[in-house]
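Tertiary structure, described
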Amino acid sequence: MLKYIFKRIISLIPVLIGVAFIVFSLLYFTPGDPARMVLGDMATEEALQAFRETEGLNDPFIVQFGRYLYKATTQADIGRSYVTKRAVTNEIMTVFPATLKLAAFSMFLAVIFGIPFGIISAIKQYSWFDSITMIFAMIGISMPVFWLGVLLILFFSVRLNWLPSSGFGTFSAMILPSISLAAQGVAIVTRMTRSTMLEVIRQDYIRTVRAKGQKESLVIWRHALPNALIPVITIAGIQFGQLLGGAVLTESIFSIPGVGRLMVEAIKMRDFPVVQGGVLYIAVAFSLVNLLVDLIYAWIDPRIKAQYR
Amino acid sequence: MSQMKKRKMGNFGEIMRRLKKNRLAMFGLTIVVLLFITALFADFIAPYSYAKQHLSDAFQAPNSKYILGTDEFGRDIFSRIVYGSRISLQVGFIAVGLAVVVGGFLGAVSGFYGGKIDNLIMRAMDILLSIPQILLAIAIAASLGPGLFNLMIAVGISSIPSYARIVRSAVLSIRNQEFVEAAKAMGSSDFRIIMKHILPNSMAPIIVQATLGVAFAILTAAGLSFIGLGIQPPMPEWGAMLSGGRGYIRDYPYMTLFPGLAIMITILALNFLGDGLRDALDPKLKR
Amino acid sequence: MTEKKDFLLDIQNLTVHYETDSGVVHAVEGLNLQLGHGESLGFVGETGAGKTTTALAIMQLIPNPPGKILNGNIIFDGQNLNTLNEEEKRHIRGGKIAMIFQDPMTSLNPVIPVGEQIAEMIELHQNVTKDEAFKKAVQMLELVGIRPERAKDFPHQFSGGMRQRVVIAIALACDPTLLIADEPTTALDVTIQAQVLELMKELKKEFNTSMIMITHDLGVVAEICDKVAIMYAGSVVEYADTRVLYTNPLHPYTNGLFNSIPDLDEDEEELKVIQGLMPDPTNLPSGCTFHPRCPLAQPECSQKKPEMIEIEPGHFVACPVCCNAFVKKG
């Protein structure tokens, strides 16, 4: 088992290097002169040249990438913001927790609601519950997260004044943004759970359990569910990535001080190091979550566990 | 060979029959067709130009003169939504088209040749996949700069990995089957084998993914425009319209309501259609 | 007819339908079957004849939707199973009637150790603690020839033949009165088949379990069954002691089945087949379901569904034509 963990962690490294490569390349090839971006339009030609020398901007691509990678892995230094001149890493670390909290809470909602709804829909296939749930799920997938956010603000903040439309920290401030983020997640988890349950219920071994004379409720709970939830875990991991992506949009609407809002502001100000830095950190977080999901999966499914005994 | 063709044609009829039975899918198809017509004949359907400002008529709620009201510059919202359908469809199809062609090619090569090439390509895809799709699109769009074209490229590139995977797995499942061996023994070139045997058999999952992919592309494009990437004003992209109307949501909610509704209905229709196609093409899964 | 009270299982006029998109599938039509105490019955027929449906009906496991027991009585040990409530049915399943299914590779839950799966059966029908149930489960494993240390292993760690043994262990764990085995060896290699059959023969003797063995393999029937029932398109067409049936098959379909087995001693050019195909279960022929393919068919055969006639003591045939011919012969 430890061997598997070790192997998976090792295989993560080339992926992260690859992501760093993409991020760096995007930065490198973005039109615009970094020197001018940092020093401003008033800077003299000498100042610009000096800046380029010290920052190593005249070196070949590979050298610059190597330097970037080295600094990133040893000092967590991925450049400075063009606007605030502070280290990108610091900027991001200040706001990352908010984003993680939001995404985690939305993930929690997605699982808490999605799995039971999916199970019941599968057991009562073709019932009215199933049909309604599926239609809602469809709507959930199709609804743009930013539109839902705006609608929720419209109804609950503006018209009804029940919940705040911005800020962070208090629980009530978290509710609307989490719901708008989680909607798509709930929909996807519901659909996925339903479809795996439907498949599992049709398996021969379920018939064997019924032939033993087992109560239907235990057939589902003890036999069908454990098998059905295994793939759902993988989906949940991927969903987290989508949630992180969606958080970018949600934070803008609800003025939440997270990585997303930081990036959106940076886009407006053409502060590319921050934009790409945000992408890098989120990609790293996503990869770690996927690693965790893989490990849980391996731990739970005896077929995989046995391979690495 | 003609026997196989006949069977494929026969299958097509079956598939259409199954699809027609699915009411939601048919509903989706109707909406998509309507959307196409709207986009094609936008000039005839929209009463006003999407950029024309009627400043004295700004901020009007839906009325007889302006069916869905006007925005802060007095532009007719209905007309803008109609023209917006053009943009959405363009982005959706071109982005997905790009992803299918490039991703499909990579997947086919990867699956067919296997070995080191397969490893290399799949690693590259894994790297792309470790960045959430929307973020990848944002990163690329931020780098390329504003513009509809850049938006299409950004969304397209971020979608490549899924098609690469689909085609690769279809190729892997077919590659080992006997009729490929037979074709090789007959002396068919690799290219011919891919084109004639492998591609037709991987059509089904590609079509399903592409339909859902167009939906996702439109959604992503709207999201990107929402945060200010891609579309430049006064282009009537639905996401940009939503973003523009946000500041006025308290008093003039219809400015955000209608573009959002347009997005949602489009995505819903495409998702219904995509799901329906998936069920029609692989009915084993349903019952 | 033999006295009904003596039967362990008496199926009377059973009809089971499935409602599907492409029509109503008449899986079982007016089936009659009896099984005495301690007997083992071979239930023979081609794929699609309705054997599994009959077995599921006995177990009251017909999936609903889309299936339904429309008609008939299934009298087991004096009780009509069709009239019991769900709790009573569960009591019988596994406890009094146990079933083994065809494909051992998919019959076991992949995420639960085999010992626990056997123990579950015991816990359901016997009043014991979890530990006692597990101990007994391990004993059952040994009984079917699996080392007790393997009780904590998972199904994927066993071969097909061994998985089937586990399935047998589960089925016999509570000493059921009746065991229904649905093609238990079809999915296994020939050598493993022989082993599993041997095992079943021993256990049958040891536990004195009555058995219904569903199979399409006449060889298996000859090995292990006292009586045989031949099934075609939803009903039984011939029923007799194994010896009697094998030496004197009467129904044209039974004859067709025996004739299609190639004979090593004879010098044949072509395989003898029964002409025609199994009928479409959504559109069964009228009258006798076999008449379109029957070499002895008469006009009346398409009009009236034949009854089972006891042509000699214990030998029943559902074909008036061949019965007349038999009687005439003397």
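The structure we're discussing is the one just above.
The following paragraphs examine the structure supplied in this document. The numbers attached to residues start from 1 for each chain and follow its sequence in the written order. As they are written, the chains are lettered A onward and the ligands numbered 1 onward, keeping that order. Two thresholds apply to this predicted model, a pLDDT of at least 70 for residue-level local features and 80 or more for giving and counting side-chain atom pairs, whereas whole-chain, interface and lining totals are computed over all residues.

1. Observations concerning the interface of chain C and chain A
Convention followed: Whether two residues are in contact is decided by their C-beta atoms, placed from the backbone, lying within 7 Å. Helix and strand labels come from DSSP, where a helix needs a run of H or I of at least four residues and a strand needs a run of E of at least two; each type is numbered from the N terminus. Put simply, Ala, Val, Leu, Ile, Met, Phe, Trp, Tyr, Cys and Pro go in the nonpolar bin, Asp, Glu, Lys and Arg in the charged bin, and everything else, Gly too, in the polar bin.
Opposite the 24 residues of chain C that make contact, chain A presents 18 residues. Looking at the side of chain C that touches chain A, the elements that each hand over two or more residues are helix 2 (86-92) and helix 3 (114-125) of chain C. Considering every element that reaches the side of chain C that touches chain A, the biggest residue donor is helix 3 of chain C, with four residues. Counted by class, the side of chain C that touches chain A contains eleven nonpolar, nine polar and four charged residues.

2. Quick look at the packing of helix 10 (residues 216-254) of chain A against helix 6 (residues 133-144) of chain B
How we decide: Geometry is summarised by axes, namely lines fitted to C-alpha atoms with helices restricted to the contacting stretch, and by angles between N-to-C directions that run from 0 to 180 degrees. For this classification, under 35 degrees means roughly parallel, over 145 means roughly antiparallel, 65 to 115 means roughly perpendicular, and everything else is oblique.
Contact geometry of helix 10 of chain A with helix 6 of chain B gives a least axis separation of 7 Å together with a crossing angle of 55 degrees. As the angle between them shows, helix 10 of chain A and helix 6 of chain B are arranged oblique. Of helix 6 of chain B, the residues touching helix 10 of chain A (which contributes Gly245(A), Gly246(A) and Val248(A)) are Gln133(B), Ile134(B), Leu135(B) and Ile138(B). Of the residues belonging to the contact of helix 10 of chain A with helix 6 of chain B, the class tally is four nonpolar, three polar and no charged.

3. Focus on the sheet that holds strand 10 (residues 235-241) of chain C
All names here are of chain C. Operational definition: Two strands qualify as a pair provided DSSP detects at least 2 bridges between them.
Reading across the sheet, the eight strands line up as 6-7-8-3-9-10-12-11 and stay open at both edges, with mixed pairing between neighbours. With partners counted over all chains shown, the strands left at the sheet margins are strand 6 (97-100) and strand 11 (309-312), one partner each. With direction set aside, neighbouring strand axes in the sheet form an average angle of 20 degrees. Bridge count between strand 3 (residues 40-44) and strand 8 (residues 210-215): five bridges; the pairing is parallel. Looking at the pairing, Gly-42 lines up with Met-213 of strand 8.

4. Some details on the interface of chain B and chain A
Every contact between the two is made by 35 residues of chain B and, on the other side, 41 residues of chain A. Residues of the side of chain B that touches chain A, tallied by class, amount to 22 nonpolar, nine polar and four charged.

5. Section: the pairing of strand 10 of chain C
All names here are of chain C. Stated precisely, the cut-off is as follows: Backbone-placed C-beta atoms define the burial measure: a residue is buried with 20 or more other C-beta atoms within 10 Å of its own, exposed with 12 or fewer, and partly exposed in between.
In terms of residue burial, strand 10 counts as a mostly covered element, since six of its seven residues are buried. Relative to strand 10, strand 9 (residues 227-232) runs antiparallel, the two being bridged by six bridges. Along strand 10, the bridge assignment pairs Val-228 with Ala-240. Hairpin connection between strand 9 and strand 10: a loop of two residues separates the two successive antiparallel strands, and Ala-233 in this loop has a positive phi of roughly 40 degrees. Direction of pairing for strand 10 relative to strand 12 (residues 315-317): antiparallel, over a ladder of two bridges. Across the sheet, Glu-238 pairs through a bridge with Val-317, a residue of strand 12.

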